[in-house]
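Each chain, letter by letter, is given below.
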Amino acid sequence: MKAAVHDTFGEPRDVLETRDVDTPVPGAGQALVRTILSPIHNHDLWTIRGNYGYKPPLPGAIGGSEAAGVVEAVGEGVDAALVGQRVVASGVHGTWAEHFLAPAAGLLPLPAQIADELGAQLIAMPFSALALLETLKAEKGDWIIQTASNGAVGRIMVGLAKARGINLLSLVRREEAAEELRAAGVENVLSTATEGWQAEAREIIGEGRAISAVDSVGGELSAELIDLLAVDGELVVFGTATGAPMPLNSGALIMKHIMVKGFWGSRVIGEMAAAERTRLITELVTLAATGQMKLETGGTYPLDDLKAACDAALTPGRAGKVMLKP
């Protein structure tokens, strides 16, 4: 089968290559899935660079961690009725290939109402966003401030917060991105490139309580979020688009009793009780199947065009996740 393989860690466009490898054989409890579409997530790129929480064994590592596909074979102990079903798998390894292996128990069958483009990215980012929202201190009537609001998690958070009656201030780093979100009907959007945006933010929040801030950018912006938070607020670090250190003001942290913590979706989801996971997954599938959650794509590329796909995935302002199609 064809697969996107890297033998060393490094910049994805430089170290990835399309190669013929053996098609894997499902073992006990596993399923062999024929890939339909697989998204390029930021954490996939970090993994290839060697600076993520998980490091695949080298050489011969295959990229990708989420995909929609069709089950073609199952291993020992797996119900054969699973064969032929269209499913989504997340938190797995090696989805940037014509086939990949996944724990059968972790596969989620996709209803016919959910298109491949949505199904392929249904779990990793949406589930992380929902799990994140469940852990935040913000309650109905409070405010959440989020950065990178034009990203997958940011767009998803808009609908999730609204459904819970939580106010959301969405920040982006370019005015063009702000205009795109406003055109899509997103309210309370500000560009941090605009002079005086902090004053506008305070005006929008008004007498409300900004209790939670979710940062996926890092750098100076993290410190500015602290200034906007209310007493007993929290800054949750979800990602770091800039990779820059956060120069936080110790005085503000002390006087306002601000809590700073990280959120790694893989760990949170892995430690989640089965009943809670089922509840959240059911909510996501319902939102997707009823059209209440829509996720765009940033283009679809064949496995033979990995450099262009990586470049597209790193392009600011893309509409959604870039997809690889075997």
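Residues numbered from 1 in each chain as written. Predicted model: local features only at pLDDT ≥ 70, side-chain atom pairs only at ≥ 80, totals over all residues. Heavy atoms only, no water.

**Student:** Go over the overall build of the protein, please, and point to the residues and values.
**Tutor:** When you go through the protein residue by residue, the secondary structure sums to 12 helices and 16 strands. A compact globule built from 326 residues should have a C-alpha radius of gyration of about 20 Å, and the protein, at 20 Å, falls within 12% of that. Summarising its shape, the C-alpha atoms of the protein cover approximately 60 × 40 × 35 Å along the three principal directions. Counting the 326 residues in the protein, one finds 48% classified as buried. Within the protein, counting contacts between residues at least 6 apart in sequence, those at least 24 apart form 68% of the total. With an accessible surface of roughly 14,600 Å², the protein has 52% of that area assigned to carbon and sulfur atoms. One finds the centroid of the 27 positive side-chain charges in the protein at a distance of 2 Å from the centroid of its 39 negative side-chain charges. (Helix = DSSP H or I, 4+ residues; strand = E, 2+ residues; numbered from the N terminus. Rg over C-alpha atoms; globule rule 2.2 N^0.38 Å. Buried < 20%, exposed > 50% of the residue type's maximum accessible area, 1.4 Å probe, protein only. Contact = heavy atoms within 4.5 Å. Areas by Shrake-Rupley, 256 points an atom, 1.4 Å probe, with all protein chains shown as cover. Lys, Arg positive; Asp, Glu negative; His and termini not counted. Charge placed at Lys NZ, Arg CZ, Asp CG, Glu CD.)

**Student:** Would you mind going over the nonpolar core in detail, with residue names and values included?
**Tutor:** Within the largest apolar cluster, 47 residues are counted, with the highest numbers of intra-cluster contacts made by L122, F127, L132 and I144. Put simply, the parts of the chain that give this core at least two residues each are β3 (30–39), β5 (66–74), α4 (124–135), α5 (152–163), β12 (210–215) and α11 (274–289). The element contributing the most residues to this core is α4, with eight residues. Setting aside anything within four residues of it in sequence, one finds L132 in contact with M157, V214, V236, F238 and F263. Grouped together as the second largest cluster of nonpolar side chains are 19 residues, A201, A213, V217 and A252 included. (Core = buried A, V, L, I, M, F, W, Y, C linked by side-chain atoms within 4.5 Å.)

**Student:** Please give an account of the side chain of S149 that cites residues and values.
**Tutor:** Structurally, S149 can be placed in the loop between β9 (143–146) and α5. Residue class for S149 comes out buried when judged on its relative accessible area of 1%. One polar contact links the side chain of S149 to the main-chain carbonyl oxygen of Q146, over a distance of 3.1 Å. When near neighbours in sequence (up to four residues on either side) are disregarded, S149 contacts G154, R155, S170, L171, V172 and L181. (Polar contact = N/O pair within 3.5 Å; in protein donor to acceptor, adjacent residues only side chain to side chain.)

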